[in-house]
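# Chain and residue survey
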Amino acid sequence: MSDGSVRRYSVSTASNGPGEANGSGCTPRGRHYVRACIGAGQPRGTVFIGRRPTGEIYSSELAHEHPSRDWILTRILWLSGKETGANRGGQVDSMRRYIYIHGTPDTEPMGVPASHGCIRMRNDDLLALFDCVPAGTPVFIE
């Protein structure tokens, strides 16, 4: 963060565990930075597909209509790796893998692995974080 402070949030990482390989569904480790902050001004619960708002707001009814969606909600912090060969470039590139910190339905558990590779956060926590984290902010995943 620009003021040097550290904040901690409960998150959910990949159900496949840690790992960097493209197509693994794992959460990449190491030094990253926020490449892009996406969704400013969108309502809480905005549904994103391909980093674009769909015009939908998440609800239990919408979830029932689309049971297989991996919900990306509210805001997106798109990550880029900083370590060539570990999380940057080739078959381990976090940015090309579309690794995000993003919101998730409030019904989803935190503190347990459940994502497809991204880092999931509570929507309210992500809203608070988003306003403090500009593009370029370092992120370390361990």
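The structure we're discussing is the one just above.
Conventions we followed
- Residues numbered from 1 in each chain as written.
- Predicted model: local features only at pLDDT ≥ 70, side-chain atom pairs only at ≥ 80, totals over all residues.
- Heavy atoms only, no water.
- Helix = DSSP H or I, 4+ residues; strand = E, 2+ residues; numbered from the N terminus.
- Rg over C-alpha atoms; globule rule 2.2 N^0.38 Å.
- Buried < 20%, exposed > 50% of the residue type's maximum accessible area, 1.4 Å probe, protein only.
- Contact = heavy atoms within 4.5 Å.
- Lys, Arg positive; Asp, Glu negative; His and termini not counted.
- Charge placed at Lys NZ, Arg CZ, Asp CG, Glu CD.
- Salt bridge = Lys/Arg side-chain N within 4 Å of Asp/Glu carboxyl O.
- Pairing = 2+ DSSP bridges.

## Looking at the overall build of the protein
The helix and strand tally for the protein stands at two helices and eight strands. In terms of C-alpha radius of gyration, the protein reaches 14 Å, essentially the compact-globule figure of 14 Å for 142 residues. Here the C-alpha coordinates of the protein stretch approximately 45 × 35 × 25 Å along the principal axes. In the protein, buried positions account for 42% of the 142 residues. When contacts within the protein are restricted to residue pairs at least 6 apart in sequence, those whose partners lie at least 24 apart make up 67%. Side chains of the protein give 16 positive and 14 negative charges; the mean places of these two sets differ by 8 Å.

## Thoughts on the pattern of salt bridges
A complete count under the given rule lists six salt bridges for this structure. Across the salt bridge formed by Arg 29 and Glu 20, the nearest N and O atoms sit 2.8 Å from each other. We classify Arg 29 as partly exposed; its relative accessible area is 38%. Between Asp 106 and Arg 44 there is a salt bridge, with its nearest N and O atoms 2.9 Å apart. Taken as a pair, Asp 106 in the loop between strand S6 (100–104) and strand S7 (119–122) and Arg 44 in the loop between strand S2 (30–38) and strand S3 (46–49) lie far apart in primary sequence, 62 residues in all. Connected through salt bridges with shared partners, the residues Arg 44, Asp 106 and Asp 124 form a single ionic network.

## Brief notes about the pairing of S2
In the sheet, S2 pairs with strand S8 (residues 138–141) via four bridges, with the strands oriented antiparallel. Each bridged residue has a counterpart across the sheet, and for Gly 30 the counterpart in S8 is Ile 141. In terms of strand pairing, S2 meets strand S5 (residues 73–81) through six bridges, oriented antiparallel. Note that in S5 the partner of Val 34 across the bridge is Leu 79.

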